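The residues making up each chain are set out below.
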Amino acid sequence: MEIIDDIVSVHDHEAFAAKFLPDLGHDVKDFQVYTWRLTNWKKLEKKITSPEFGCGGHNWRILLFPFGNSNAPPGDTVSVYLDYAEPKKFPEGWHACAQFALVISNIHDPTIYTVSHAHHRFIAEECDWGFTRFSELRKLFNIQKDCPRPTIEEGSADVTAYVRVLEDPTGVLWHNFVNYDSKKETGYVGLKNQGATGYMNSLLQSLYCTRYFRKAIYQIPTEDEHPSESVSLALQRVFYHLQTSDQPVGTIELTKSFGWKWNDSFYQHDVQEFNRVLQDNLESKMKGTKAEGAIAKLFVGKMKSYIKCVNVDYEASKIEEFEDIQLNVKGMENLCESFRYYVAEETMEGENKYQAEGFGLQDAKKGIIFESFPPVLHLQLKRFEYDIQRDAMVKINDRYEFPFEIDLAEFIDEASLARLESWLYRLCGVMVHSGDANGGHYFALIKPDRKTRWLKFDDDRVTPVTDREVLEENYGGEALNGYLYPMQRDQFRTMKRSTNAYMLVYVRDAMIDEVLAPLKEEDTPAHLKRRLNEERLQLEAEGREREEQHLFLTARVITDDTYARYEGFDLATFDEKSWPQLNLPSFCVLKQEPYNVFKSRVAAHFQLPANKFRLWVLVNRQNKTIRPDVPIPDKKPSLTVEVIRNDMAARTNDLHLYLDVITGPSKPAPPPGHIMIFLKHFDTSKQTLLGVGKVYVSRNGRVQDLYFIINERMGWSPGAPLRLYEEIKPGMIELIQASDLTFSQREFQDGDIICFQVEQTEKELRDLENQGLYSNPVQFYGFLQNRVIIFFRPKFEKPGNDYPEFSLVLSKKHKYDTMSHKAGEYLRHDPIKLRFTTTHAANGTPKAVLKRSLNQSIADFMGSIFVNSTTTVILYEKLDVSIVELETKRSLKIIWTGIQNREEASYPFLLPTTSLIHDLVGHLAKIVTLTAGGTGKIRVFEVSKDRKVQREFTGSEMIGNIPEPVELYAEEIPREESGASEIDKVISVFHFHKEVSRVHGVPFRFVVKPQERFADTKKRLQARLGVADREFSKFRFALVQAATFKQPSYVDDEDIVYDHKFALEDYLGLDHVDRSGKAGLGAAEKAIVIRG
């Protein structure tokens, strides 16, 4: 509700609408104003409606509660709504999108009013919308500040509806998506998100809609493969499900085929890198098949890098293939400008002249030009860049425009005949990221073919979108026009949208009908259809089984054998969440099945004659125990399983039974005057509490009569001293003191449980206590009630013999030292030299190092992590010193790269926090082997987050002040660097593969010399790295100028690197395959690996 100071008249429709109906960015279908005059307000009915009025092809009316409706304080409030008139007369699925304002105004002065506005998608389930607390009644009847008269005067007022019906070209404007059917509305279905796999879903939908690619994937032979081990089969299955399913499709099977573990799905990756790794994998599977060459045909183009002399006839050039193009966003207005910048020539003159073979130093033009573009052109927009000031990746949210079609002919080499062809491209896909460099949400906008409209693939939902949503809403830049609340307007003026395009897919117009041609029936492999149809039938059968589940119940049977293996309260546990699970024999039984039929099935299962056992029904007692209550009578032919469950086993959904085997002569009922007592033995030496069967005892017999029975059953001497305990209820186990009383006097009944143990001497009790063991069932029950299973994994090392993964059963009441002691016993490592770290339950990553505390229990430091005990994980470290000593020292790990820039070894150090880096170097020098005749000097450094440059420590830094986490490296300083002259330059060198964003290895420093041809510089580089000739021949070398956002300039043998004017962020890049299996993506990222 708004009471406005800047007054316009209700009768000035245009001005009033401009003020209270802000532009929402949608086309207006119709606009109408309707005024309804009311008199004798206080005598109005509790609920009234206005006459109907039309707008946008729909009939509307005002719904008014003059004294408030049931959701507002009665008599204090006015409630008013816009109501869709007679919605049942319209076809099923109707909707109307309306923006509206409702006004109550003075009949004499239309500048006195109260107004509220909103917008809504009117549907059958929500056919009225408005304001329950439109205004307090007293404010309408009384004169308000700066108003000469009240809004409702002499019982009369005008109620006006301003209604603007908006166009809904997509059919989903303001949709709540309850019961939304993607397949029905668009013909496509979405992909389920596993946690952070939106980036993968976007790319998979784009590849799926590239039908030539889908057809090629189907041509890979996969008949004999398993989907969890074969990427190609798993991808075929995803594509086939997208084709045929009417529900969102899962990708767990696909990521399993990548070799990913469950927590890999919680890491967001770069789409470009994921695409390349996936296509490299698929390309290898396509070799020797019908699909061979399909990826290159679709996605690979050619570009020429050249250096052309200005004054002499000399040109050096090299033609290379590309799979995608990275284009700058920062400083660019649109796609054409980025392309022009990409191919812009660089002049080599003055100190930067080019050494032309046979012509000496020459002025030259250096650049890149395209020889051809692929049919499907992937353009990576550089939205994410490294900020050297922040030492972090940042997202570029600047406005950047791209068109529905673009002619790329001007970027084709003029000397090529290809220039004469048509290079018109049409936009077919936009990958969008919403968020910042640390994470966000991904979705794709795709136009599957010429005829189909643009669609938004947002994980499991697919919706139509407008052209504006494809282009304007993903350009980035400042916030879109639209309504902002007054207090937000100023702050939004300078805010840039974080939702924008980061990858574009263009298809060559001349080939679009081939690339996006519909698949034929025979294009889908027969074995795939057969396999998935069989699985579909299986799922349908399971669905029918679930639908018919209400006709059945589950009968679970406890036997003497299961009781003998069960360790816990009662005879068994029926809680599926409990641990450890006890697999009881179960029967799915038709509720109407006669009992004698069911008993014959049980007899067949256990291979027992039907007259040799009786079944007892277990009941839930009021004290929360579950015990056998009565045997089921055999001689009632009308007795059904459901009757037994309803009449004999109240308060249970399933039927819980005990199989009572009759050992003597067959008798249908237990001995008269007897009760059935179950026995459990607590073994102090084995620390176990297990069932040892049951006995029938006379109600009038004495409890102490059990001593003889137990000793005989256990094979002990008749006079062995015993202690007896009764299981009364969970958490209440009591020692039986007066054993001379009868079972009847002690109120024992059928199904009760007595625990027994051999009585311990004082010495035996002390020994048990000293070993941290339990001496009686009461203590042991306490342990069982609080037990949890904890999985231990090494924190840094790969699991193996020295660093195993293992689990321990512990009590939540155990202290830190107990856990440490038991883990130390398992690992055969001093417990005081173990350090533990808790983990995040969602993904298993490290959370916090546990501090040793004498009074802290496992429950204290694990918090609510026990919701699912099977995923409770603690990480451990084996230390060389005690954790007590560690509190005054700093643990550091140094990666030694030696003289040849290789990760040779990792050395742990534990030094006082007051030690200096210089002290660390001294310790390191004692354990590494330095080059004979070398400098003997060691450099300690860390690596920048973009992993392109070293950050050297001076030596005077205190190690306690180095922030956590830190990755430290050390190398031997080469004599060449140590002895460099004043005119030599020391530059930064880093390793990458294909794209400068795909960094690997460790950066290093290198000396470049004046007048030295790069052919000679390479020899020194090879010697510095110690790489064999054959391997080094595959290296390429590029100057990378981060500050100017230039593409890497690849260096030729005749170039003189020294002549380049190196800025702070200019590096020499070594382009070669990463053989280490490690990726230099920074601490927060993981390399993408696809193994299947």
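Positions within a chain are numbered from 1, following the residues in the order the chain's sequence is written. In keeping with the model being predicted, local features are shown solely for residues with a pLDDT of at least 70 and side-chain atom pairs are shown and tallied solely at 80 or more, while totals for entire chains, interfaces and linings include all residues. Side-chain metrics rest on all non-hydrogen atoms present in the structure, leaving aside hydrogens and water.

Asks: How would you explain the side chain of serine 79 if you had to name every residue and give the values?
Replies: Within the fold, serine 79 resides in strand β5 (residues 77-84). Note on exposure labels: buried denotes an accessible area under 20% of the residue type's maximum, exposed denotes more than 50%, and partly exposed covers the range between, all computed with a 1.4 Å probe on protein chains only. Judged by relative accessible area, serine 79 falls into the buried class, the value being 0%. Nitrogen and oxygen atoms within 3.5 Å of one another constitute a polar contact, given that in protein one can donate a hydrogen and the other can accept it, and given that sequence-neighbouring residues count only through two side-chain atoms. Within the structure, serine 79 has its side chain in polar contact with the backbone nitrogen of asparagine 69 (distance 3.3 Å). A polar contact is formed between the side chain of serine 79 and the backbone oxygen of threonine 132, at a distance of 2.5 Å. Working definition: helices are DSSP H or I runs of at least four residues, strands are E runs of at least two. Numbering for both runs from the N terminus.

Asks: A description of the sheet that holds strand β42 (residues 905-912) should follow, citing residues and the corresponding values.
Replies: Two strands pair under a simple rule: DSSP has to find at least two bridges between them. Spatially, five strands are ordered β42-β41-β45-β43-β44 in an open sheet, and the strand pairing comes out mixed. On the outer flanks of this sheet lie β42 and β44 (950-952), each paired with one strand and no other. The sheet shows a mean angle of 40° between the axes of neighbouring strands, taken without regard to direction. Each of β41 (889-898), β42, β43 (938-943) and β45 (968-972) touches helix α24 (residues 917-925); the most contacted strand, β42, lies at about 130° to it. In this analysis, axes come from line fits to C-alpha atoms, helices being fitted only over the stretch in contact, and the angle between any two N-to-C directions falls in the range 0 to 180 degrees. In what follows, residue pairs with any heavy atoms lying within 4.5 Å of each other are defined as contacts.

Asks: Go over helix α5 (residues 211-218), please, and point to the residues and values.
Replies: The α-helix winds at 3.6 residues per turn, so residues separated by three or four positions along the chain end up facing the same way. The element α5 is extensively covered by neighbouring structure, given that six of its eight residues are classed as buried. Every buried residue of α5 is accounted for by Arg211, Phe213, Arg214, Ala216, Ile217 and Tyr218. Looking at the buried residues of α5, the elements they touch are α4 (198-209), α6 (231-244), α8 (271-286), α9 (294-299), α13 (512-515) and α14 (526-547).

Asks: Which residues make up the nonpolar core, and what are the values?
Replies: Counting 55 residues, the largest nonpolar core has Phe213 and Phe239 as its most contacted members. Of all the elements, α6 adds the most residues to this core, at eight residues. Setting aside chain neighbours within four positions, we find phenylalanine 239 in contact with Leu204, Leu207, Tyr208, Phe213, Arg214, Ile217 and Tyr218. In terms of nonpolar packing, the next biggest core, distinct from the first, is built from 41 residues, Phe402, Val430, Trp454 and Tyr475 among them. Here, nonpolar core means buried Ala, Val, Leu, Ile, Met, Phe, Trp, Tyr and Cys residues that are tied together by side-chain atoms lying within 4.5 Å of each other.

Asks: Residue-level account of empty space enclosed by the protein, with values.
Replies: Put simply, the grid is 1 Å and covers the protein atoms alone, a cavity is a trapped set of points that fit a 1.4 Å probe, a pocket is an open set with protein on both sides within 12 Å along at least five of seven lines, and lining residues have an atom within 4 Å of a point. Grid points are joined across faces, edges and corners, and a volume is the space filled by probe spheres set on the points. Evaluation of the coordinates by the stated rule reveals four cavities of 30 Å³ or more. Its volume calculated, the largest cavity comes out at about 180 Å³. For the largest cavity, the lining is made up of 14 residues, of which Met348, Asn352, Lys366, Leu1039 and His1060 are closest to its centre. Breaking the lining of the largest cavity down by element, the ones donating at least two residues are β13 (346-348) and β48 (1036-1041). Polar here means any residue other than Ala, Val, Leu, Ile, Met, Phe, Trp, Tyr, Cys and Pro, which are nonpolar, and Asp, Glu, Lys and Arg, which are charged; Gly is therefore polar. In terms of residue class, the lining of the largest cavity is made up of five nonpolar, four polar and five charged. When its volume is computed, the second largest cavity comes out at roughly 70 Å³. For the second largest cavity, the full set of lining residues is Ser206, Cys209, Thr210, Val376, Cys428, Gly429, Ile446, Lys447, Val505, Val507, Val515 and Leu516. Every element with two or more residues in the lining of the second largest cavity is listed here: α4, β21 (424-436) and β25 (499-508). Looking at the lining of the second largest cavity residue by residue, the class counts come to eight nonpolar, three polar and one charged.

Asks: Summarise the environment of glycine 719; cite the residues concerned and give the values.
Replies: Position of glycine 719 among the secondary structure elements: in the loop between α18 (706-714) and β33 (722-729). Separated by 10 residues in sequence, glycine 719 and lysine 729 have C-alpha atoms that sit 30 Å apart.

Asks: Describe the pairing of β42, and please don't skip the residues or the numbers.
Replies: One ladder, built from eight bridges, connects β41 with β42; its direction is antiparallel. Counterpart to serine 891 in the pairing with β42 is leucine 910.

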